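Residue strings, one per chain:
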Amino acid sequence: MNNSYIKGFVMAALTLLSLVSCNKDVETDKAITVAIHGYNIGDDQLEVSVDTAVYTDMLLRANEQIGFSAVYPYFAGKKDATLRVKNKETGKELFSQTMSLETGKLEFYYNLLHIDGKLVEVKEPAVDTSTNKLGFYIHYPTSNEPIDIILYNTNTGAMAYLAEKVMPGTMTYVDYLPQPGLTDKNVIEASLVYFTKAGTFDWAFNDNEYNSQSYGHGMYIPHRFYNLGKVQSYFMTPSPSGYGVDVARLFPNNKLY
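Conventions adopted
- Residues numbered from 1 in each chain as written.
- Predicted model: local features only at pLDDT ≥ 70, side-chain atom pairs only at ≥ 80, totals over all residues.
- Heavy atoms only, no water.
- Helix = DSSP H or I, 4+ residues; strand = E, 2+ residues; numbered from the N terminus.
- Buried < 20%, exposed > 50% of the residue type's maximum accessible area, 1.4 Å probe, protein only.
- Contact = heavy atoms within 4.5 Å.
- Areas by Shrake-Rupley, 256 points an atom, 1.4 Å probe, with all protein chains shown as cover.
- Phe/Tyr/Trp six-rings, centres within 6.5 Å; stacked < 30°, edge-to-face > 60°.
- Lys NZ or Arg CZ within 6 Å of the ring centre and 35° of its normal.
- Core = buried A, V, L, I, M, F, W, Y, C linked by side-chain atoms within 4.5 Å.
- Pairing = 2+ DSSP bridges.
- Axes fitted to C-alpha atoms, helices over the stretch in contact; angles between N-to-C directions.
- Salt bridge = Lys/Arg side-chain N within 4 Å of Asp/Glu carboxyl O.
- pLDDT = per-residue confidence, 0-100.
- Lys, Arg positive; Asp, Glu negative; His and termini not counted.
- Polar contact = N/O pair within 3.5 Å; in protein donor to acceptor, adjacent residues only side chain to side chain.

1. Overview of the overall build of the protein chain
Within the protein chain, the regular secondary structure consists of two helices and 16 strands. With 257 residues in all, the protein chain has 42% of them scored as buried. A separation threshold of at least 6 residues defines the contact pool for the protein chain, and within that pool the share at least 24 residues apart is 63%. Accessible surface, the protein chain as shown: approximately 13800 Å² in total, 50% of it carbon and sulfur.

Right under this line is the structure:
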């Protein structure tokens, strides 16, 4: 057996082992989906891994909303897998969670609020089947004045307060039921969400209308056919782009919305 053949065989074997070790590009028996929602405030880029699979092409970038979703394939017989999030530059681990692969669960979801090097824990209230619990965390270091959040239909003028007197830097939960003129899903998704200084119609962020608005689309705001027993948390901050408000949902996508 010549040296070139031996070298080729060794390189092929090493390549196969590396593919198996990171669980990519290999035909496997099973797979799960891992999703993370949240926001990354600060200068750090974050890197997600599951066991030895490192998602280098799906970094959680600085000052951006987190909408991570990846499929993790594995072989039958594997009992668990560990999700990790670390600082890409320093290697410091910020978050880890062991996921059991023996329960039959196919989808795993986690929140991640990373603000200036620290994680913010989201403590949600218990489900109340007589109402919906909506939670709002506003990040706006420029001011500590309370803020009202208003759902507004620009076509009909219908208006509803999603929350009042939300203090920046704290999670505020409120009871919410679909309001008159804003009970239809399509109407809600076509409506605007305004942020005003509490008790006024003055714009909350930079005294500017365009800095102080977002959209109902994608927020999963309760409507007449999606109602009662919902617990939904949101992270909100003026967009670094200078236009609008970034709204990060801190709950998984609901296929029934």
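Here the narrative resumes.
2. A word on the packing of aromatic side chains
Within this structure, the stated rule accounts for 15 aromatic pairs. With centroids separated by 5.5 Å and ring planes inclined at 85 degrees, the aromatic side chains of Tyr 234 and Phe 251 adopt a geometry described as edge-to-face. Placement of the pair is Tyr 234 in strand 15 (residues 231–238) and Phe 251 in the segment after strand 16 (245–249), with a sequence separation of 17 residues. Each member of the pair, Tyr 234 together with Phe 251, is buried. Counting every residue linked through ring pairs, the aromatic cluster contains Phe 136, Tyr 220, Tyr 226, Tyr 234, Phe 251 and Tyr 257. Lying across the ring of Tyr 226, Lys 230 places its NZ or CZ 4.3 Å from the centre.

3. Some remarks on the environment of Lys 79
Topologically, Lys 79 is positioned in the loop between strand 4 (64–74) and strand 5 (80–87). Sequence spacing of Lys 79 and Thr 103 is 24 residues, and the spatial spacing of their C-alpha atoms is 9.4 Å. Once residues lying within four places of it in the same chain are set aside, the contact partners of Lys 79 are Met 99, Ser 100, Leu 101 and Glu 102.

4. Some details on the nonpolar core
In this structure, Phe 136, Ile 138, Ile 149, Leu 162, Phe 195 and Met 236 are the most contacted members of the largest nonpolar core, which totals 30 residues. Listing elements by their share of this core, those giving two or more residues are strand 9 (132–138), strand 10 (147–152), strand 11 (159–166), strand 12 (171–176), strand 13 (192–197), strand 15 and strand 16. A per-element tally of this core places strand 11 first, with four residues. Counting residues in each nonpolar core, the second largest holds 23 residues, with Ile 32, Val 34, Ala 53 and Leu 101 among its members.

5. A few points about the sheet that holds strand 9
Read across the open sheet, the four strands follow the order 12-9-15-16; overall the sheet is mixed. Two strands close off the open sheet at either side, each with one partner strand: strand 12 and strand 16. Between one strand axis and the next, the sheet turns through 25 degrees on average, direction left out of account. Alignment of strand 9 against strand 12, held across six bridges, turns out to be antiparallel.

6. A word on the pattern of salt bridges
Across all of its chains, the model carries seven salt bridges by this definition. We note a salt bridge from Glu 93 to Arg 84, for which the minimum N-O separation is 3.2 Å. A relative accessible area of 42% places Glu 93 in the partly exposed class. Residues Glu 107 and Lys 255 are paired through a salt bridge, measuring 3.3 Å at the closest nitrogen-oxygen approach.

7. Here we look at the confidence of the model for the protein chain
For the protein chain, per-residue confidence averages 91 on the pLDDT scale, and residues scoring 70 or more make up 89% of the total. This model gives residues 1–24 a pLDDT under 50, and the stretch forms 13 contacts once residues within four places in sequence are excluded.

8. Remarks on the sheet that holds strand 7 (residues 107–115)
Reading across from one edge, 4-1-7-8 is the order of the four strands in this open sheet, with mixed pairing throughout. Bordering the open sheet on either side are strand 4 and strand 8 (118–119), each of which pairs with just one other strand.

9. What about the pairing of strand 2 (residues 46–50)?
The buried fraction of strand 2 is high, at five of five residues. Taking every second residue as pointing to the same face, both faces of strand 2 are buried, with Leu 46, Val 48 and Val 50 on one and Glu 47 and Ser 49 on the other. Here strand 2 runs beside strand 3 (residues 53–54); their pairing, made up of two bridges, is antiparallel. Across the sheet, the residue bridging to Ser 49 is Val 54, located in strand 3. From the end of strand 2 to the start of strand 3, which pair antiparallel, there are two residues, and Asp 51 there has a positive phi angle of about 55 degrees.

10. Section: the side chain of Asp 148
Mapped onto the elements, Asp 148 comes out in strand 10. We note that Asp 148 is buried and unpaired, the nearest opposite charge coming from Lys 165 at a distance of 7.4 Å. A distance of 2.8 Å separates a polar atom in the side chain of Asp 148 from the backbone nitrogen of Gly 199. Excluding its chain neighbours within four sequence positions, the residues that come into contact with Asp 148 are Tyr 161, Ala 163, Glu 164, Lys 165, Tyr 194, Phe 195, Thr 196, Lys 197, Ala 198 and Gly 199.

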